[in-house]
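# Architecture and fold: a report
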Amino acid sequence: MSPQERAEELTQLRRMRAVSLLEGSTLLLLLLVAVPLKHLAGVSVATHIMGPIHGLAFLAYLWMLVQTVSGGGWSRSETTRLVVAALIPFGAFVNERALARRQAMLGGSG
Amino acid sequence: MDYLWLKALHVAAVLVWIGGLLLVAVAITALSLSKEVAEASGRTAVFAVRRWDRYVTSPAMLLAWGAGLTLAILGEWFRSPWLIIKLVFVLLLTALHGLLSGTLRKLGHSDEPPASFGLRHAPLLIIISVAAIVVLVVVKPFDGDVWWG
């Protein structure tokens, strides 16, 4: 792998990790703040705001995942693991760790 | 924001997104038919298309999704069958965009032309999906029906 290639791969991994964290965080906010506010305090505005924001973050996350994987360099089992984790709630955090390990392997800071 | 202004923003973002998506698809089709990737002209073309994809097409896609979801919520369209069918096509276009974008990234540092596996037909798939979306949005078939809720 050439230095330029590695730098691009690291940039892609950093972006993917950021989007994974964003997806996981918006889900946490939705489930731990917005939903209790709606059901326990009758305040539904939080779910009306957080629902679409999380939806958008999830889409961006799936899109980035397809882009990252189709960029090559991932084995079939790694790809399967990433896709399965992407569809499980909080799987984004699992993927973020996997991406951090790959980033460390490539020589970028974790 | 006024519903019509948001709709205008959505349509503008969609136009930019689909234009950029077609650009990536046609570039990959052209490169898969040639062996020019390793040459300077091929590299420059890939670099230019990638830049456009990263800074224009991808943000336009996110804007189209954001404005579209807001419109659907404000207009209470989520119960309409035409929107659900439209979302299937939009998800297909989004996945295709990710796939094409990743392939383009691979081409940026590979001397090999892209493997064909159907990507050569991506422009046609995009046009068919866009035509289906336009029919669904303009004609609004099954508009009187409500699938749930």
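Being a predicted model, the structure only gives us computed values, none of them experimental.

### Observations regarding the overall build of chain B
Each helix and strand in chain B was counted, giving four helices and zero strands. Along the chain direction, N to C, the helices and strands of chain B fall in the order α-α-α-α. The buried share among the 149 residues of chain B stands at 30%.

### A short note on the nonpolar core
In this structure, W17, V24, I28, A64 and L100 of chain B are the most contacted members of the largest nonpolar core, which totals 37 residues. Mapped by element, the contributors of at least two residues to this core are α1 (3-41), α2 (45-70) and α4 (91-105) of chain A together with α1 (3-33), α2 (40-74), α3 (81-108) and α4 (122-139) of chain B. The element that contributes the greatest number of residues to this core is α1 of chain B, accounting for ten residues.

### What to know about the confidence of the model for chain A
For chain A, the average pLDDT comes to 85, and 96% of its residues sit at 70 or higher. Ranking the elements of chain A by mean pLDDT puts helix α3 (residues 76-87) of chain A last, at 82, and α2 of chain A first, at 88.

### With respect to the packing of α1 of chain B against α4 of chain B
When two helices pack together, their arrangement is given by the angle between the helix axes and by the axis-to-axis distance. Residue and element names in this part refer to chain B. It is the contact of α1 with α4, at a shortest axis distance of 8 Å, that shows an interaxial angle of 155°. It follows from the interaxial angle that α1 and α4 lie roughly antiparallel. From α1, I18, L21, L22, A25, V26, I28 and T29 reach across to α4, where they touch A122, P123, I126 and V130. Residues of the contact of α1 with α4, tallied by class, amount to ten nonpolar, one polar and no charged.

### Some points on the interface of chain A and chain B
Facing the 17 residues of chain A at the interface are 18 residues of chain B. Broken down by element, the side of chain A that touches chain B gets its largest block of residues, eleven residues, from α2 of chain A. Residues that form the side of chain A that touches chain B fall into these classes: seven nonpolar, eight polar and two charged.

### Digging into the environment of Q12 of chain A
Here Q12 of chain A is to be found in helix α1. Residues Q12 of chain A and Q103 of chain A lie 91 residues apart in sequence; the distance between their C-alpha atoms is 9.6 Å.

### So, α1 of chain A
Residue and element names in this part refer to chain A. In this model, α1 (39 residues) spans 54 Å end to end at C-alpha, consistent with the 57 Å of a helix rising 1.5 Å per residue. Taken as a whole, α1 has its buried residues at E9, L13, M16, R17, V19, S20, E23, G24, T26 and A34. The elements touched by buried residues of α1 are α2 and α4. Two residues or fewer past α1, G42 is found with a positive phi of approximately 70°.

### Quick notes on the environment of A18 of chain A
Turning to its location among the elements, A18 of chain A is positioned in helix α1. C-alpha separation for the pair A18 of chain A and A7 of chain A, spaced eleven residues apart in sequence, amounts to 17 Å.

About the cut-offs
Residues numbered from 1 in each chain as written. Chains lettered and ligands numbered in written order. Predicted model: local features only at pLDDT ≥ 70, side-chain atom pairs only at ≥ 80, totals over all residues. Helix = DSSP H or I, 4+ residues; strand = E, 2+ residues; numbered from the N terminus. Buried ≥ 20, exposed ≤ 12 C-beta atoms within 10 Å, placed from the backbone. Core = buried A, V, L, I, M, F, W, Y, C linked by C-beta atoms within 7 Å. pLDDT = per-residue confidence, 0-100. Axes fitted to C-alpha atoms, helices over the stretch in contact; angles between N-to-C directions. Parallel < 35°, antiparallel > 145°, perpendicular 65-115°, else oblique. Contact = placed C-beta atoms within 7 Å. Nonpolar A, V, L, I, M, F, W, Y, C, P; charged D, E, K, R; others polar. Expected span 1.5 Å × (residues − 1).

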